[in-house]
Amino acid sequence: MTISLSHLARTLALGALLAFGLAPSAHAAAKIQRVISPGGIEAWLVQDATVPLVAMQFAFRGGSAQDPADKPGVAQLMSDNLDEGAGDLDSKAYHERLDRNAIQISFSVTRDYIRGSLRMLKESRDEAFDLVRLAVTSPRFDAEPLERVRAQTISILRRESVTPGPIASNRFFAEGFPNHPYAHSPRGTLESIPAITADDLRAYRQKTFARDGLTVAVVGDIDADTLGKLLDKTFGALPAKGDLALVPQVTLATSAGKVAVPLDVPQTSILFGTPALKRDDPDFMAAYIVNHIMGGGSLSSRLYHEVREKRGLAYSVSESLWWMDKTSLMFGNTATRADKANETVERIAAELKRMADEGPTQQELDEAKSYLKGSQMLALDSSTKFAGALVQYQLDKLGIDYLDRRPAIIDAVTLDDAKRVAKKIWGQSLLTVSVGRPPAEATAPTPMKN
């Protein structure tokens, strides 16, 4: 394909703008508008004309939890094929229109949602929204791209079947959520993917892509009236209501205790978790702060200090709070030498117990509060990230003024709150999954260098 100078200029301009997006200071002053289209579709909008760029993030309720029980992976395979031809455009023609206008469209799957992402220069806005319309309302699922994507998925699954991290994750969710839709991997299995048909993808899209399950956020150089009209053009033809199967509430099961999966690899991957608090629990922010102190990705966290700095057992160790529509959990991970796996698990468990018994100190609490308040805007350092956060705030029902209220919510957490929540979450039994060589077969290699 011949690339015109105008196309090359648009592509380079989009790349430069995406690299910078909105500055943190712009986020701090951002006004979030609630836009209701003439057809009744709601979106949150941050209008910003600093750069001629528009980013949209959206989500449909459903996700892999809506996969047929005997065919896990339908949602993921459908998502991967949405931009492989739609309407009267085959896969090649669809991608040519994306490339010609420097438009970026992608889709992803979680257990609860199908997420969509759109980024474009302002001059390509109408074209970009129209390509999203085609993808969500009339995807083709033609044989050639479907088989190509299927082959890629099978290749990924084969690689994951011998990779410690994915093995540990799949086993963790299978043990933690038995007989529940959350138990299976969104990507499916080597047995299920070959059996999925184009009709399965069409049926899944029909039941999940509906206006009542749609959440939208837009950040960039676009006004409310224009956005409202584009929302109706893009999503207005979708059914008013979806046909989702009921997914029951569930609590992470920890009865399996310590699960060891043998695999002949140099390092053992370890996942650990316990039930936590739902996003709408009044104590959620206290739990969020304690989690940061415990192992929230900071080099000053307790787990990092105990496992990495003091004992050199692992290069990294972290934990986070995961909240989904039907459950919530504290979920952590690390990797270490096979002969040190048991010691690593024991040290993690001991540190979690210490947090449950003693709670954080006042200094730890104050430092965590300061960090979490200051880091929020720095984390939303692009239009796409900001739009994604606004979608999540809507899904979590936090309110359009959440960013304004968040610092006060953090400040309101007391040391007594933190200690109470620490005992409630980190004092529970753990589900631990380790994938690697059995300790009896492990040999001690050269010690890791700090």
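Every value quoted in this text rests on a predicted model; they were computed, and no experiment measured them.

S.K.: What exactly am I supposed to notice about the overall build of the chain here?
M.R.: Each helix and strand counted, the chain has 16 helices and 11 strands in total. For 450 residues, the compact-globule estimate of 2.2 N^0.38 gives 22 Å, and the chain sits close to it at 23 Å. Oriented by its inertia axes, the alpha-carbon framework of the chain measures out at about 60 × 50 × 45 Å. When each of the 450 residues of the chain is scored for burial, the buried share is 52%. Partitioning the intrachain contacts of the chain with sequence separation of at least 6 by distance along the chain shows that 82% fall at a separation of at least 24. When the accessible area of the chain is evaluated, it comes to approximately 20,000 Å², of which 52% is carbon and sulfur surface. Here the chain contributes 53 positively and 55 negatively charged side chains, and the mean placements of these two sets differ by 1 Å.

S.K.: Looking at this model, I keep getting lost on the layout of surface pockets. Mind explaining?
M.R.: Picture a little ball the size of a water molecule; that probe, rolled over the atoms, points out where space is still empty. Here the largest pocket is characterised by a volume of approximately 1,500 Å³. Taken together, 50 residues line the largest pocket, and the ones lying closest to its centre are Arg279, Phe284, Trp323, Gln392 and Asp396. Of all the secondary-structure elements, those providing two or more residues to the lining of the largest pocket are β5 (113-121), α10 (284-295), β9 (314-323), α13 (362-379), α14 (383-395) and α15 (402-411). Looking at the lining of the largest pocket, the element that brings in the most residues is α10, giving six residues. A per-class count over the lining of the largest pocket returns 25 nonpolar, nine polar and 16 charged.

S.K.: Hey, could you run me through the pattern of salt bridges in this one?
M.R.: Two side chains carrying opposite charge are able to pair once their charged atoms lie near each other. In the structure shown here, the tally under the stated rule is 30 salt bridges. We note a salt bridge from Arg150 to Glu147, for which the minimum N-O separation is 3.0 Å. Taken together, the residues Arg150 and Glu147, both in helix α6 (residues 143-160) and three residues apart, mark about one turn of the helix. Judged by its relative accessible area of 8%, Arg150 falls in the buried class. With relative accessibility at 42%, the residue Glu147 sits in the partly exposed group. The partner of Arg354 in a salt bridge is Glu358, with the nearest N and O atoms 3.6 Å apart. Taken together, the positions of Arg354 and Glu358, both in helix α12 (residues 341-358) and four residues apart, correspond to about one turn of that helix. Where salt bridges share partners, they join Arg97, Glu127, Asp130 and Arg133 into one cluster.

S.K.: Please explain the side chain of Glu319 as it appears in this structure.
M.R.: In this structure, Glu319 sits in strand β9. For the buried Glu319, no salt bridge exists, and the shortest N-O distance to an oppositely charged side chain is 10 Å, to Arg302. Side chain to side chain, Glu319 and Trp426 meet in a polar contact 2.9 Å long. Aside from chain neighbours lying at most four places away, what touches Glu319 is Phe272, Asn291, Met294, Gly295, Gly296, Leu303, Met330, Phe331, Gly332, Leu352 and Trp426.

S.K.: Mind showing me how you'd approach unusual backbone geometry here?
M.R.: Outside of glycine, negative phi angles account for most residues, and trans bonds account for most peptide bonds. The phi torsion at Ala102 lies on the positive side, around 55°, for a residue other than glycine. Note on placement: Ala102 falls in the loop between α4 (91-100) and β4 (104-109). Here the phi dihedral of Phe141 falls at roughly 55°; this positive angle occurs in a residue that is not glycine. Among the secondary structure elements, Phe141 is positioned in the loop between α5 (125-137) and α6. On the basis of relative accessibility, which here comes to 4%, the residue Phe141 falls in the buried class.

S.K.: I keep staring at α4 and nothing clicks. Help me out?
M.R.: Think of an α-helix as turning once every 3.6 residues; residues three or four places apart then point the same way. Burial in α4 covers these residues: Ser91, Tyr94, Arg97 and Leu98. Looking down the long axis of α4, one finds its buried residues gathered within 135° of arc, a one-sided arrangement. Those residues of α4 that are buried are in contact with β4, α5 and α6. Looking at the residues trailing α4, positive phi occurs at Ala102, about 55°.

S.K.: Is there a simple way to explain helix α3 (residues 74-81) in this structure?
M.R.: Buried residues dominate α3, accounting for seven of its eight residues. Taken as a whole, α3 has its buried residues at Val74, Ala75, Gln76, Leu77, Met78, Ser79 and Asn81. Turning to α3, the residues buried within the fold contact β4, β5, α6 and α8 (198-208).

S.K.: I keep staring at the sheet that holds strand β3 (residues 53-61) and nothing clicks. Help me out?
M.R.: Sheet architecture is open: six strands sit in the order β1-β2-β6-β3-β5-β4, paired in mixed fashion. On the outer flanks of this sheet lie β1 (32-36) and β4, each paired with one strand and no other. Taking the axes of each pair of neighbouring strands and ignoring which way they run, one obtains an average angle of 15° across the sheet. With six bridges joining them, β4 and β5 adopt antiparallel strand pairing. Counterpart to Ile105 in the pairing with β5 is Leu118.

S.K.: Which parts of the structure should I look at to understand the packing of aromatic side chains?
M.R.: Given two aromatic rings, their pairing is described by the distance between the two centres and the angle made by the two planes. This model, assessed by the stated rule, comprises 15 aromatic pairs. When the centroid spacing of 6.1 Å and the interplanar angle of 85° are considered together, the rings of Phe58 and Phe60 count as edge-to-face. By relative accessible area, which is 2% here, Phe58 ends up buried. For Phe60, a relative accessible area of 1% corresponds to the buried category. Of note, Arg111 hangs over the ring of Phe173, and the distance from its end group to the ring centre comes to 3.9 Å. Above the ring of Trp323, the side-chain terminus of Arg279 is found at 5.7 Å from the ring centroid.

S.K.: What is the right way to read the packing of α3 against α8 from this model?
M.R.: Viewed as axis vectors pointing N to C, α3 and α8 meet at an angle of 90°, and their least axial separation amounts to 9 Å. It follows from the interaxial angle that α3 and α8 lie roughly perpendicular. Across from Val74, Ala75, Leu77, Met78 and Asn81 in α3, the residues of α8 making contact are Asp200, Leu201, Tyr204 and Arg205.

Thresholds applied
Residues numbered from 1 in each chain as written. Predicted model: local features only at pLDDT ≥ 70, side-chain atom pairs only at ≥ 80, totals over all residues. Heavy atoms only, no water. Helix = DSSP H or I, 4+ residues; strand = E, 2+ residues; numbered from the N terminus. Rg over C-alpha atoms; globule rule 2.2 N^0.38 Å. Buried < 20%, exposed > 50% of the residue type's maximum accessible area, 1.4 Å probe, protein only. Contact = heavy atoms within 4.5 Å. Areas by Shrake-Rupley, 256 points an atom, 1.4 Å probe, with all protein chains shown as cover. Lys, Arg positive; Asp, Glu negative; His and termini not counted. Charge placed at Lys NZ, Arg CZ, Asp CG, Glu CD. 1 Å grid on protein atoms, 1.4 Å probe; cavity = no way out; pocket = protein on both sides within 12 Å on 5 of 7 lines; lining within 4 Å. Points joined across faces, edges and corners; volume = space filled by probe spheres on them. Nonpolar A, V, L, I, M, F, W, Y, C, P; charged D, E, K, R; others polar. Salt bridge = Lys/Arg side-chain N within 4 Å of Asp/Glu carboxyl O. Polar contact = N/O pair within 3.5 Å; in protein donor to acceptor, adjacent residues only side chain to side chain. Arc of directions from axis to C-beta. Pairing = 2+ DSSP bridges. Axes fitted to C-alpha atoms, helices over the stretch in contact; angles between N-to-C directions. Phe/Tyr/Trp six-rings, centres within 6.5 Å; stacked < 30°, edge-to-face > 60°. Lys NZ or Arg CZ within 6 Å of the ring centre and 35° of its normal. Parallel < 35°, antiparallel > 145°, perpendicular 65-115°, else oblique.

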